Amino acid sequence: SLEHLLSRTELKLVDRVPRKSERPKELDERLAKLRFELERKQYEAMVKDVSGRRNDNSLTSGMDMVDFRNQTSVGLNVIVTMLTGYAVGHFLVRTYFGSSDYSLFGGLVGLIIGLGVEA
């Protein structure tokens, strides 16, 4: 019977201590470097909204170039709108009043209206 078989058995536990394997120094140095990089990246991710600092390669990253293009586009749009407003105001005053003396003021009014439209 099963009880009879189990009653005659002995349970031997072996105290086995896992031996500590020696790691090469190169591996330890590499692990330390990787840990440092990971901690640095985690810290940068944690404080990026607070510190306002950017990475060292901020001029070459793609998002900055997209922001630069957008800002340039908006700036050119404002300049073109203001110049168009000046030109329209200048020519309207010159056409209706016939005097070139007041066309400068008409251009400035058109410029201010263009600036108001752009804002």
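Reference entry: report on the structure contained in this document.

The rules behind these values
- Residues numbered from 1 in each chain as written.
- Predicted model: local features only at pLDDT ≥ 70, side-chain atom pairs only at ≥ 80, totals over all residues.
- Heavy atoms only, no water.
- Helix = DSSP H or I, 4+ residues; strand = E, 2+ residues; numbered from the N terminus.
- Buried < 20%, exposed > 50% of the residue type's maximum accessible area, 1.4 Å probe, protein only.
- Contact = heavy atoms within 4.5 Å.
- Areas by Shrake-Rupley, 256 points an atom, 1.4 Å probe, with all protein chains shown as cover.
- Salt bridge = Lys/Arg side-chain N within 4 Å of Asp/Glu carboxyl O.
- Expected span 1.5 Å × (residues − 1).
- Arc of directions from axis to C-beta.
- Patch = residues over 30% accessible without salt bridge, like charges linked within 9 Å, V, L, I, M, F, W, Y side chains within 5 Å.

## Points about the overall build of the protein chain
Thought 1: What the protein chain contains, in helices and strands, is four helices and zero strands.
Thought 2: Ordered by position in the sequence, the α and β elements of the protein chain form the string α-α-α-α.
Thought 3: Every one of the 119 residues in the protein chain was classed for burial, and the buried ones make up 12%.
Thought 4: Looking at the protein chain alone, contacts between residues at least 24 apart form 30% of all its contacts between residues at least 6 apart.
Thought 5: Working note: accessible area of the protein chain is about 11,300 Å², and carbon and sulfur atoms make up 61% of it.

## Focus on the side chain of Ser103
Thought 1: Along the polypeptide, Ser103 turns up in helix H4 (residues 103-118).
Thought 2: Apart from residues no more than four positions distant in its own chain, Ser103 is found in contact with His90, Val93 and Arg94.

## Quick look at the pattern of salt bridges
Thought 1: Under the definition given, this model contains one salt bridge.
Thought 2: Arg40 is paired through a salt bridge with Glu37; the nearest N and O atoms lie 3.0 Å apart. Of this pair, Arg40 and Glu37 both sit in helix H2 (residues 25-51), three residues apart, roughly one helical turn.
Thought 3: The exposure class assigned to Arg40 is partly exposed, which follows from its relative accessible area of 37%.
Thought 4: Of the residues examined, Glu37 reaches a relative accessible area of 28% and is grouped as partly exposed.

## Some remarks on the environment of Ile112
Thought 1: With respect to the secondary-structure elements, Ile112 resides in helix H4.
Thought 2: Take Ile112: its relative accessible area is 58%, and that puts it in the exposed class.
Thought 3: Residues Ile112 and Tyr86 lie 26 residues apart in sequence; the distance between their C-alpha atoms is 8.1 Å.

## Considering H4
Thought 1: Compared with the 22 Å implied by 1.5 Å per residue over 16 residues, the 22 Å span of H4 between its first and last C-alpha is a close match.
Thought 2: Regarding H4, the residues found buried are Ser103, Gly106, Gly107, Gly110 and Gly114. For H4, the buried positions fall inside an angular range of 100° around the axis, keeping them on one side. The exposed residues of H4 that point more than 90 degrees off its buried face are Ile112 and Gly116.

## Some remarks on the side chain of His90
Thought 1: Inspection of the secondary structure assignment puts His90 in helix H3 (residues 62-97).
Thought 2: Among the residues examined, His90 registers a relative accessible area of 17% and is labelled buried.

## A look at a nonpolar patch on the surface
Thought 1: Taken together, Val88, Leu92, Tyr96 and Phe97 make up a surface patch of nonpolar side chains, about 490 Å² in accessible area.
Thought 2: Within the secondary structure, Val88 sits in helix H3.
Thought 3: Val88 sits in the partly exposed class, given a relative accessible area of 44%.

By themselves, these are just geometric observations and shouldn't be taken as functional.
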